Amino acid sequence: MHAVQHATIQLAQKGSIGLPDCNPFDKILVSAERSTFPAELTSHFRQHIVMPIRSSIYKLSKSGSDGHALHATEYPGFAFVPLV
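Before going into details, it helps to say that this report is about the structure given with it. Predicted model, so just to flag it, every value in this text is computed and none were measured.

### With respect to the sheet that holds strand β4 (residues 69–76)
Turning to step 1, where the next piece is worked out: An order of β1-β2-β3-β4 is seen for the four strands of this open sheet, with the pairing classed as mixed. In the strand order of this sheet, the two ends are held by β1 (25–29) and β4, each with one partner. Adjacent strand axes in the sheet meet at a mean angle of 15°, parallel and antiparallel pairs treated alike.
Turning to step 2, where the next piece is worked out: As paired elements, strand β2 (residues 45–53) and strand β3 (residues 56–63) share six bridges and run antiparallel to each other. Pairing of Met51 across the sheet is with Tyr58, part of β3.

### Re the pattern of salt bridges
Turning to step 1, where the next piece is worked out: Applying the stated criterion across every chain yields a total of one salt bridge.
Turning to step 2, where the next piece is worked out: For Asp26, the salt bridge identified is with Arg46, shortest N-O distance 2.9 Å. Placement of the pair is Asp26 in strand β1 and Arg46 in strand β2, with a sequence separation of 20 residues.
Turning to step 3, where the next piece is worked out: Assessed through its relative accessible area of 39%, Asp26 is described here as partly exposed.

Reading guide: rules and limits
- Residues numbered from 1 in each chain as written.
- Predicted model: local features only at pLDDT ≥ 70, side-chain atom pairs only at ≥ 80, totals over all residues.
- Heavy atoms only, no water.
- Pairing = 2+ DSSP bridges.
- Helix = DSSP H or I, 4+ residues; strand = E, 2+ residues; numbered from the N terminus.
- Axes fitted to C-alpha atoms, helices over the stretch in contact; angles between N-to-C directions.
- Salt bridge = Lys/Arg side-chain N within 4 Å of Asp/Glu carboxyl O.
- Buried < 20%, exposed > 50% of the residue type's maximum accessible area, 1.4 Å probe, protein only.

Structural data, given as C-alpha cells:
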C-alpha cells in the first residue's frame, strides 16, 4: 500500500453538512448516499466533489472563469448507506 500525502480524513459531525470552518477543499469524497446534492456543499470545494446520489456516483466539477458553473458526470449502478 502506498502512503497518501497531503490528504486527511475528517469525520462528519451529526447534524452538519461539511466542515464550514475548514473549507474550501480542492477535492471532496463523500461516502454516504444522498437523495439530492446539498447546494450548501458548493462553497466547500474548489475543483471536484464525488458523492453517491440515488444509487449513482456523481462527479461534480467546477468550471468557468468564476468557478460557479457545475458540470455533473453520472456513474450509475451503485448502492451506498444513506447519509443521515
